[in-house]
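Single-letter residue listing:
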Amino acid sequence: MYKDNLMEKLCSCGGLMNLHMHSLIFNTKMKITHVPVYTCPECASYEPLQFIKADLGKLVKELSGEDPGKDFLFTERNELASVLKESLSETIIGGISELETIIRERIQSRVDMLLDIYRLAEKLSDQHWMEETSRRLSQLSFQMTENEDYKKIV
């Protein structure tokens, strides 16, 4: 079911990029914290996790009209970023494969919780809550897809 390796990615230089939470500076005055980013120690390049790029792009577009000097938590805007931050901030015994397993379990747990919330919103006929929950669920749907750019590194 899971063919992608979430924690590592091959860089175009041939190096191995690792996932971590990063702060991005926008317009030299606004900081977006807790953004999942791959970094390559070989060539020092970095890129946001593909599955969050759309939400990050929306936030950057919204920030273009904001007052400078504010900090924004990306984990408040994106479910996957939130799960990753929770998982990466804990001490995990083992290696990358154990961390991958924990992250996948937490993603499934969050999906289950959001489905319960959606059912409740549906029962209450709360369309706005249903749409918000559906949006949050869609941010975790990457786990069902295959992505050729992310190859399992053995």
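The structure contained in this document is the topic of the report that follows. (Residues numbered from 1 in each chain as written. Predicted model: local features only at pLDDT ≥ 70, side-chain atom pairs only at ≥ 80, totals over all residues. Heavy atoms only, no water.)

### Overview of the state of the cysteines
Tallied over the entire structure, the rule returns zero disulfides. There is no disulfide at C11, and the cysteine sulfur nearest it, in C43, is 3.6 Å away. The thiol of C40 is unpaired, and the distance to the nearest cysteine sulfur, on C13, comes to 3.6 Å. With a relative accessible area of 4%, C40 lands in the buried category. (Disulfide = S-S within 2.5 Å. Buried < 20%, exposed > 50% of the residue type's maximum accessible area, 1.4 Å probe, protein only.)

### Here we look at the packing of helix α3 (residues 96-123) against helix α4 (residues 127-138)
When two helices pack together, their arrangement is captured by the angle between the axes and the distance separating the axes. Where α3 meets α4, the axes come as close as 9 Å, and the angle between the chain directions of the two elements is 165 degrees. Judged by the angle between their axes, α3 and α4 are roughly antiparallel. Crossing hand, α3 versus α4: left-handed. Taken together, the residues of α4 that come into contact with α3 (itself represented by V111, M113, L114, L115, I117, Y118, L120, A121 and E122) are W129, M130, T133, S134, R136 and L137. For the contact of α3 with α4, the class distribution of residues is eleven nonpolar, two polar and two charged. (Axes fitted to C-alpha atoms, helices over the stretch in contact; angles between N-to-C directions. Helix = DSSP H or I, 4+ residues; strand = E, 2+ residues; numbered from the N terminus. Parallel < 35°, antiparallel > 145°, perpendicular 65-115°, else oblique. Left-handed = near helix turned anticlockwise from the far one by under 90°. Contact = heavy atoms within 4.5 Å. Nonpolar A, V, L, I, M, F, W, Y, C, P; charged D, E, K, R; others polar.)

### As for the environment of I103
Structurally, the position occupied by I103 is in helix α3. Measuring from C-alpha to C-alpha, the distance between I103 and S87 comes to 6.2 Å, with 16 residues separating the pair along the chain. Residue contacts for I103: discarding those within four places in its chain leaves L6, M7, V83, L84 and S87.

### Some words on the pattern of salt bridges
Taken as a whole and assessed by the stated rule, the structure comprises eight salt bridges. Salt-bridge contacts for E79 lead to R110; the nearest nitrogen and oxygen are separated by 2.7 Å. Of this pair, E79 sits in helix α2 (residues 79-88) while R110 sits in helix α3; the two residues are 31 residues apart in sequence, bridging distant segments of the chain. Linking E100 and R104 is a salt bridge whose minimum nitrogen-to-oxygen distance equals 3.5 Å. (Salt bridge = Lys/Arg side-chain N within 4 Å of Asp/Glu carboxyl O.)

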